[in-house]
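Structural description and commentary
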Amino acid sequence: MNYFLTYTVYVLILSVLMGISTWKLFKKMGYSPLFAFIPFYNYFIILKETKHPKWWAVLSYLPIVGPIMMSVFHIYLMKKFGKHLLQNQLLTVILPFIYMAVVNYSKDVELEDENELFLTEEEKNAKKKDTFLGSITFAVVFATIIHVFVTQPFGIPTGSMERTLLVGDFLFVNKWSYGYRMPMRPVAIPFLQGTIMDTGQPGNPKDDPKSYVDAVKLPYTRILQFSKPQKNDVVVFNYPQDSVHTAIDRKDPYVKRCVATAGDTFEMRAGRLFVNGKPETVLGDQEVQHGYLVTTGSQLDIPALYNTYGFLPVQEQQTQTGFVYGFQGLTDKIAKEIKELPQVIDMKENVMPKGEASIAYRDEAKTKIDTTQSIFPVNKPWNQDWYGPVRIPKKGDVVTINKETLPMYRWIISEYEHNSVAVNGEQILINGKPETSYTIKQDYYMMVGDNRDASLDARFFGFVPEENIVGKPMFTWMSLQGAFKDSGSSYQAPFKIRWERMFKATNTGEANKTSYWWIAAMILILFFGWEYFVKLFRKKKTEDEL
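Here's what I pulled together on the structure shown here. (Residues numbered from 1 in each chain as written. Predicted model: local features only at pLDDT ≥ 70, side-chain atom pairs only at ≥ 80, totals over all residues. Heavy atoms only, no water.)

Here we take up the overall build of the protein chain. Looking only at helices and strands, one finds 11 helices and 24 strands in the protein chain. Projected onto its principal axes, the C-alpha positions of the protein chain cover 90 × 60 × 45 Å. When contacts within the protein chain are restricted to residue pairs at least 6 apart in sequence, those whose partners lie at least 24 apart make up 67%. Accessible surface, the protein chain: about 28,900 Å² in total, of which carbon and sulfur atoms supply 60%. Taking the average location of the 61 positive side-chain charges in the protein chain and that of its 57 negative ones, the two points are 5 Å from each other. (Helix = DSSP H or I, 4+ residues; strand = E, 2+ residues; numbered from the N terminus. Contact = heavy atoms within 4.5 Å. Areas by Shrake-Rupley, 256 points an atom, 1.4 Å probe, with all protein chains shown as cover. Lys, Arg positive; Asp, Glu negative; His and termini not counted. Charge placed at Lys NZ, Arg CZ, Asp CG, Glu CD.)

Put into structure tokens, the structure is as follows:
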């Protein structure tokens, strides 16, 4: 069903429930009972009668924001009829239409006299508390609106994008870069991605409580899409093969570089990236880097190297004759300088042999393939250094479907484009019918990390569908070295604040990035000075009237 048609159905259902549970209350307030059934206008009346800003009514049914605002409006209405106790407010939030119906159909419910002359001190204090809580609630709602509809913060926990984006960088992402993707789970806890907290087996999100209601869902749609991801864009997207969350917009967020777009041919040769047969274009903010194996006669001073070079994850192993180090992400310059250290006996780039398939297994008997750690697709003799060539699927492409090509396209057909796929002997059945070809329904992209030898990217999880695209990182608002522990390294980076990276643009492709400190200063002034300016304006207005 169309997104907006589905949305309208939800709004009408909620409006009917609102009307059935409050029509008598509207009548007691002096309005036609039918007004209780009219979307938006019913909340407009409540706000008018409870002396709150009437424009808040437009927030009533917005995804994620709407359920919060509706609960607030319901509490306002119940207080209008004398239901001030905490238990009344909890019942209004937890069982809204049931509790409001109980109040609506009770015989003794009456409008409360709001004349402040007759309020006790206790009631006046309670009213002040309500005003304060209302301010906090609106601040949360405002932040939720920005988070859901404008920009969203993300952190960089791994080194896959070093040295473009560093571990511990915290970014703001523009959700309108490639058109705005409408929320698909409209009832959710603000600011949480997929789960509330890690309550079950540590590190296993499958047994954690979800932060959204999966039963209330809307289909994928994107509005005002004036551009699509281009080659070399740094892109935030939802991890395609996340098996925990069925909602696309609730899957884990990843950030990689878009190295190939729909219709391009992608290839890795000895750890070097090629697109359409040509070597990749390296932008000013990128640094080509590779993994190295280093043999030494004595132990290296890794903490000192960290202080010199920054990001330097390494696995250290002691041998009978010395030490072996597996370095990730060394640039040519750093590799040359490490090679010249007096302890170094041998140093070579860590490149996997051509034709050796990189397959990981979940069991010692090697009967269960771990697809998340294996090169995609699992039936090709490819690895992260020798990969492809492979054409990135494009909308309208007609691809051949057989047992050889099915591993490449099965996830697209079944998971991303929602068809049933089965194998019957030599036949491939799509939606129950034998097929030898399939027409691709959307564009796909190849997302790969700049730190190629330490990146779980599209070489492992396959093509990224357009519907998974979130947006572009805009700028780094905070950068903390040592904020995240690197489980793949024997040493951890020392903690420090990287002031030089804060409020710098992240997606320009230039080495010298623009600073946005002035925007940060404006936001802080508005945030902390808003109330002062409002009071000043009101004071001036009062003086002018006198």
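Moving on: the sheet that holds strand 7 (residues 265-269). Spatially, 9-8-7-14 is the arrangement adopted by the four strands of the open sheet, whose pairing is antiparallel. If you trace the sheet from one side to the other, it starts and ends with strand 9 (278-279) and strand 14 (387-391), each paired once. Judged from the four bridges that link them, strand 7 and strand 8 (residues 272-275) form a sheet pairing that is antiparallel. The residue of strand 8 that forms the bridge with F266 is V275. (Pairing = 2+ DSSP bridges.)

The subject of this paragraph is the side chain of H74. Here H74 shows up in helix 3 (residues 65-80). Among residues more than four places away in sequence, those in contact with H74 are M18, Y43, T92, P96, F97 and M100.

A few words now on the sheet that holds strand 13 (residues 344-349). One open sheet holds the four strands; their spatial order is 11-12-10-13, and the pairing between them is antiparallel. What marks the edges here is a single partner per strand, and that holds for strand 11 (314-318) and strand 13. Neighbour-to-neighbour, the strand axes of this sheet turn through a mean angle of 20°, independent of strand direction. As paired elements, strand 11 and strand 12 (residues 323-331) share five bridges and run antiparallel to each other. If you follow Q318 over to strand 12, its bridge partner there is F323. Its contacts with the sheet place helix 8 (residues 332-339) against strand 10 (289-296), strand 12 and strand 13, and it is angled at close to 155° to strand 12. (Axes fitted to C-alpha atoms, helices over the stretch in contact; angles between N-to-C directions.)

Here strand 2 (residues 169-174) pairs with strand 22 (residues 469-481) via six bridges, running antiparallel. Across the sheet, N174 pairs through a bridge with K472, a residue of strand 22. As defined by bridge partners, strand 5 (residues 234-238) adjoins strand 22 across two bridges and the pair is classed as antiparallel. The residue bridging F237 from the neighbouring strand is I469, located in strand 22. Pairing geometry for strand 22 and strand 24 (residues 504-505), over two bridges, is antiparallel. Following the sheet pairing, F475 is matched in strand 24 by A505. Pairing between strand 22 and strand 23 (residues 496-497): two bridges, direction antiparallel. Bridge pairing in strand 23 links L480 to I497.

All told, the structure shown has two cavities of 30 Å³ or more when counted by the stated rule. Each pocket or cavity is described by its volume, and for the largest cavity that value is around 290 Å³. Looking at the lining of the largest cavity, the elements that each hand over two or more residues are helix 6 (121-149), strand 1 (151-155), strand 3 (180-181) and strand 22. Q241, F376, M408, W411, I412, Y416, F461, G462 and F463 together form the lining of the second largest cavity. At four residues, the largest contribution of residues to the lining of the second largest cavity is made by helix 9 (residues 406-416). Of the residues assigned to the lining of the second largest cavity, the class counts are seven nonpolar, two polar and no charged. (1 Å grid on protein atoms, 1.4 Å probe; cavity = no way out; pocket = protein on both sides within 12 Å on 5 of 7 lines; lining within 4 Å. Points joined across faces, edges and corners; volume = space filled by probe spheres on them. Nonpolar A, V, L, I, M, F, W, Y, C, P; charged D, E, K, R; others polar.)

Following both chains from N to C, one finds helix 2 (residues 41-49) and helix 3 inclined at 50°, their axes separated by 10 Å at the closest point. Between helix 2 and helix 3, the angle falls in the class oblique. When the axes of helix 2 and helix 3 are compared, the crossing they make is left-handed. Every residue of helix 3 that contacts helix 2 at Y43, I46, L47 and E49 is listed here: M70, F73, H74, Y76, L77 and K80. Taken together, the residues that form the contact of helix 2 with helix 3 break down as seven nonpolar, one polar and two charged. (Parallel < 35°, antiparallel > 145°, perpendicular 65-115°, else oblique. Left-handed = near helix turned anticlockwise from the far one by under 90°.)

F266, Y387, I401, M446, M447, F463 and I469 are the most contacted members of the largest nonpolar core, which totals 41 residues. It is helix 9 that provides the largest number of residues to this core, a total of six residues. Contacts of F463, omitting those with residues within four sequence positions, involve P240, F376, V390, R391, I392, P393, M408, I412, Y416, Y444, Y445 and M446. Residues Y43, F97, V109 and V148 belong to the second largest nonpolar core, which totals 40 residues. (Core = buried A, V, L, I, M, F, W, Y, C linked by side-chain atoms within 4.5 Å. Buried < 20%, exposed > 50% of the residue type's maximum accessible area, 1.4 Å probe, protein only.)

Turning our eyes to something else, we now look at the pattern of salt bridges. Applying the stated criterion across every chain, the model contains 21 salt bridges. Residue R257 pairs with D285 through a salt bridge whose shortest N-O separation is 3.9 Å. Of the two residues, R257 is situated in strand 6 (residues 253-260) and D285 in the loop between strand 9 and strand 10; the sequence distance between them amounts to 28 residues. With its nearest N and O atoms 3.6 Å apart, the salt bridge here joins K380 to E404. Of this pair, K380 sits in the loop between strand 13 and strand 14 while E404 is found in the loop between strand 15 (398-400) and helix 9, placing the two residues 24 residues apart along the sequence. In this structure K380 comes out as partly exposed when scored by relative accessible area, which is 24%. Overlapping salt bridges, with partners in common, bring together R257, D285, D450 and K513 in one network. (Salt bridge = Lys/Arg side-chain N within 4 Å of Asp/Glu carboxyl O.)

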